[in-house]
Amino acid sequence: MPIEIKVKMDVDSMTDFMFYHIYSGSAGMMTLGLGALNVGCTIAFFLRGDYLMMLLFIVFAVLLLGVFPVFIRKKVAKQMENSKRLGVEVDYKFDEEGIETTTSYDSGKAPWDMFKKAASTKKNLIIYDGQKRAVILPAHQMGEQKEAVVELIRKHMPPSAVKIRRGFVKK
(Lines give C-alpha, C1' and ligand atoms only; values in the text may rest on other atoms or scores of the structure.)
Protein backbone atom coordinates (compact mmCIF):
# COMPACT_ATOMS: atom_id res chain seq x y z
CA MET A 1 0.00 0.00 0.00
CA PRO A 2 1.54 3.33 -1.03
CA ILE A 3 2.26 6.04 1.51
CA GLU A 4 1.36 9.55 0.40
CA ILE A 5 2.80 12.74 1.86
CA LYS A 6 2.19 16.32 0.82
CA VAL A 7 5.07 18.67 1.59
CA LYS A 8 5.50 22.40 1.18
CA MET A 9 9.02 23.55 2.02
CA ASP A 10 9.32 26.25 4.68
CA VAL A 11 12.25 28.41 5.78
CA ASP A 12 12.91 26.47 9.01
CA SER A 13 13.07 23.10 7.25
CA MET A 14 15.23 24.41 4.43
CA THR A 15 17.57 26.13 6.91
CA ASP A 16 17.88 22.90 8.90
CA PHE A 17 18.75 21.04 5.68
CA MET A 18 21.36 23.65 4.71
CA PHE A 19 22.98 23.47 8.16
CA TYR A 20 23.14 19.67 7.88
CA HIS A 21 24.47 19.83 4.33
CA ILE A 22 27.13 22.45 5.14
CA TYR A 23 28.25 21.26 8.57
CA SER A 24 28.41 17.56 7.71
CA GLY A 25 30.83 18.31 4.87
CA SER A 26 34.53 19.11 5.06
CA ALA A 27 34.07 22.90 4.81
CA GLY A 28 31.59 22.89 7.68
CA MET A 29 33.81 20.69 9.82
CA MET A 30 36.71 23.02 9.15
CA THR A 31 34.57 26.05 10.08
CA LEU A 32 33.56 24.42 13.38
CA GLY A 33 37.18 23.46 14.04
CA LEU A 34 38.38 27.00 13.38
CA GLY A 35 35.63 28.36 15.63
CA ALA A 36 36.70 26.01 18.43
CA LEU A 37 40.34 26.95 17.87
CA ASN A 38 39.43 30.63 18.17
CA VAL A 39 37.55 29.96 21.42
CA GLY A 40 40.62 28.11 22.71
CA CYS A 41 42.90 30.99 21.71
CA THR A 42 40.54 33.44 23.39
CA ILE A 43 40.81 31.50 26.65
CA ALA A 44 44.60 31.16 26.34
CA PHE A 45 45.11 34.88 25.75
CA PHE A 46 42.73 35.71 28.61
CA LEU A 47 44.77 33.53 30.97
CA ARG A 48 47.98 35.24 29.79
CA GLY A 49 46.43 38.65 30.31
CA ASP A 50 46.77 39.64 26.64
CA TYR A 51 43.34 41.24 26.31
CA LEU A 52 43.88 42.77 22.85
CA MET A 53 44.63 39.36 21.30
CA MET A 54 41.77 37.87 23.33
CA LEU A 55 39.42 40.44 21.81
CA LEU A 56 40.70 39.66 18.30
CA PHE A 57 40.08 35.93 18.68
CA ILE A 58 36.71 36.45 20.32
CA VAL A 59 35.65 38.47 17.25
CA PHE A 60 36.77 35.65 14.94
CA ALA A 61 34.94 33.07 17.06
CA VAL A 62 31.73 35.12 17.00
CA LEU A 63 32.01 35.52 13.23
CA LEU A 64 32.54 31.81 12.62
CA LEU A 65 30.13 30.39 15.18
CA GLY A 66 27.48 33.11 15.35
CA VAL A 67 27.36 35.34 12.29
CA PHE A 68 27.88 32.61 9.69
CA PRO A 69 24.74 30.63 10.77
CA VAL A 70 22.68 33.85 10.82
CA PHE A 71 23.97 34.67 7.33
CA ILE A 72 22.97 31.18 6.11
CA ARG A 73 19.45 31.57 7.54
CA LYS A 74 18.98 34.97 5.88
CA LYS A 75 20.24 33.63 2.54
CA VAL A 76 17.85 30.68 2.73
CA ALA A 77 14.91 32.95 3.61
CA LYS A 78 15.70 35.21 0.65
CA GLN A 79 16.11 32.22 -1.67
CA MET A 80 12.77 30.77 -0.51
CA GLU A 81 11.11 34.14 -1.05
CA ASN A 82 12.49 34.54 -4.58
CA SER A 83 12.05 30.95 -5.81
CA LYS A 84 8.76 29.73 -7.18
CA ARG A 85 9.97 26.11 -7.27
CA LEU A 86 10.97 25.90 -3.59
CA GLY A 87 7.62 27.07 -2.24
CA VAL A 88 5.44 24.74 -4.32
CA GLU A 89 3.58 21.82 -2.74
CA VAL A 90 5.10 18.44 -3.60
CA ASP A 91 3.20 15.18 -3.45
CA TYR A 92 5.38 12.15 -2.60
CA LYS A 93 4.15 8.60 -2.98
CA PHE A 94 6.33 5.89 -1.41
CA ASP A 95 5.82 2.25 -2.34
CA GLU A 96 7.79 -0.97 -2.82
CA GLU A 97 9.04 0.17 -6.24
CA GLY A 98 10.34 3.63 -5.32
CA ILE A 99 9.33 7.24 -4.81
CA GLU A 100 6.92 9.07 -7.08
CA THR A 101 7.08 12.85 -7.02
CA THR A 102 4.31 15.10 -8.33
CA THR A 103 4.16 18.90 -8.45
CA SER A 104 1.94 21.31 -10.34
CA TYR A 105 4.53 21.51 -13.14
CA ASP A 106 6.23 18.08 -13.20
CA SER A 107 6.11 14.46 -12.08
CA GLY A 108 8.34 11.40 -12.09
CA LYS A 109 9.16 8.15 -10.37
CA ALA A 110 12.55 7.01 -9.10
CA PRO A 111 13.31 3.40 -8.14
CA TRP A 112 14.86 2.67 -4.74
CA ASP A 113 18.22 1.71 -6.22
CA MET A 114 18.62 5.29 -7.46
CA PHE A 115 18.85 6.54 -3.85
CA LYS A 116 22.27 6.31 -2.22
CA LYS A 117 21.91 7.87 1.24
CA ALA A 118 19.21 8.66 3.79
CA ALA A 119 19.75 10.82 6.86
CA SER A 120 17.75 12.65 9.48
CA THR A 121 18.14 15.90 11.35
CA LYS A 122 15.96 17.18 14.16
CA LYS A 123 13.50 18.63 11.64
CA ASN A 124 13.94 16.70 8.37
CA LEU A 125 14.26 13.34 6.72
CA ILE A 126 16.65 13.66 3.77
CA ILE A 127 17.07 11.14 0.95
CA TYR A 128 19.92 11.68 -1.54
CA ASP A 129 20.09 10.21 -5.02
CA GLY A 130 23.29 9.29 -6.88
CA GLN A 131 23.66 12.83 -8.22
CA LYS A 132 23.50 14.27 -4.67
CA ARG A 133 20.07 15.79 -5.21
CA ALA A 134 17.96 15.63 -2.09
CA VAL A 135 14.38 14.80 -1.25
CA ILE A 136 13.72 16.86 1.87
CA LEU A 137 10.79 15.78 4.01
CA PRO A 138 10.00 18.08 6.96
CA ALA A 139 9.14 15.86 9.93
CA HIS A 140 6.29 18.08 11.12
CA GLN A 141 4.56 17.66 7.74
CA MET A 142 4.94 13.87 7.61
CA GLY A 143 2.60 13.25 10.52
CA GLU A 144 1.77 9.62 11.27
CA GLN A 145 3.32 8.51 7.97
CA LYS A 146 6.85 9.18 9.24
CA GLU A 147 7.39 5.73 10.75
CA ALA A 148 6.11 3.92 7.64
CA VAL A 149 8.37 5.97 5.34
CA VAL A 150 11.43 5.29 7.51
CA GLU A 151 10.54 1.58 7.49
CA LEU A 152 10.42 1.57 3.66
CA ILE A 153 13.76 3.39 3.47
CA ARG A 154 15.39 0.90 5.83
CA LYS A 155 13.90 -1.98 3.86
CA HIS A 156 15.06 -0.79 0.42
CA MET A 157 18.40 0.88 1.13
CA PRO A 158 21.61 -0.69 2.44
CA PRO A 159 22.03 -0.25 6.23
CA SER A 160 25.36 1.55 5.72
CA ALA A 161 23.56 4.22 3.66
CA VAL A 162 20.84 4.89 6.24
CA LYS A 163 21.80 7.44 8.92
CA ILE A 164 18.35 7.99 10.42
CA ARG A 165 18.41 8.48 14.17
CA ARG A 166 16.24 6.13 16.18
CA GLY A 167 14.68 9.08 18.01
CA PHE A 168 13.56 10.67 14.73
CA VAL A 169 10.56 8.35 14.41
CA LYS A 170 9.46 8.70 18.04
CA LYS A 171 9.06 12.50 17.94
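So, how was this worked out
Residues numbered from 1 in each chain as written. Predicted model: local features only at pLDDT ≥ 70, side-chain atom pairs only at ≥ 80, totals over all residues. Heavy atoms only, no water. Pairing = 2+ DSSP bridges. Helix = DSSP H or I, 4+ residues; strand = E, 2+ residues; numbered from the N terminus. Contact = heavy atoms within 4.5 Å. Axes fitted to C-alpha atoms, helices over the stretch in contact; angles between N-to-C directions. Parallel < 35°, antiparallel > 145°, perpendicular 65-115°, else oblique. Left-handed = near helix turned anticlockwise from the far one by under 90°. Nonpolar A, V, L, I, M, F, W, Y, C, P; charged D, E, K, R; others polar. Buried < 20%, exposed > 50% of the residue type's maximum accessible area, 1.4 Å probe, protein only. Salt bridge = Lys/Arg side-chain N within 4 Å of Asp/Glu carboxyl O.

A. Region of interest: the sheet that holds strand 6 (residues 124-129). With mixed pairing, the four strands of this open sheet are ordered in space as 7-6-5-8. The open sheet terminates on both sides in strands that have one partner only, identified here as strand 7 (134-138) and strand 8 (162-163). The strands touched by helix 1 (residues 11-23) are strand 5 (115-120), strand 6 and strand 7; relative to strand 6, the strand with the most contacts, the crossing angle is about 55 degrees. Contacting strand 5, strand 6, strand 7 and strand 8, helix 5 (residues 146-156) runs over the sheet at an angle of about 30 degrees to strand 6.

B. Here's a closer look at the packing of helix 1 against helix 3 (residues 51-82). Viewed as axis vectors pointing N to C, helix 1 and helix 3 meet at an angle of 130 degrees, and their least axial separation amounts to 9 Å. For the element pair helix 1 / helix 3, the angle class is oblique. At the point where helix 1 passes helix 3, the crossing takes the right-handed sense. Residues V11, D12, M14, T15, M18, F19, I22 and Y23 of helix 1 lie in contact with helix 3, whose contacting residues are F68, P69, I72, R73, V76, A77 and M80. Of the residues belonging to the contact of helix 1 with helix 3, the class tally is twelve nonpolar, one polar and two charged.

C. Highlighting the pairing of strand 6. The element strand 6 is largely enclosed, with a buried count of six among its six residues. In strand 6, alternate side chains face the same way, and those of N124, I126 and Y128 on one face and L125, I127 and D129 on the other are all buried. Two strands pair when backbone bridges link them, and strand 5 and strand 6 are joined in this way by five bridges, in the antiparallel orientation. By the bridge assignment, S120 is partnered in strand 6 with L125. In this antiparallel pair of consecutive strands, strand 5 and strand 6, the connection spans three residues.

D. The arrangement of the pattern of salt bridges in detail. Inspection of every chain in the model, using the stated rule, returns six salt bridges. Between E96 and K155 there is a salt bridge, with its nearest N and O atoms 3.1 Å apart. Here K155 lies in helix 5 and E96 lies in the loop between strand 2 (89-94) and strand 3 (98-102), a separation of 59 residues in the sequence. Across the pair D129 and R133 runs a salt bridge, and its minimum N-O distance is 3.0 Å. Bridged by salt links that share partners, the residues D95, E97 and K109 form one connected network.

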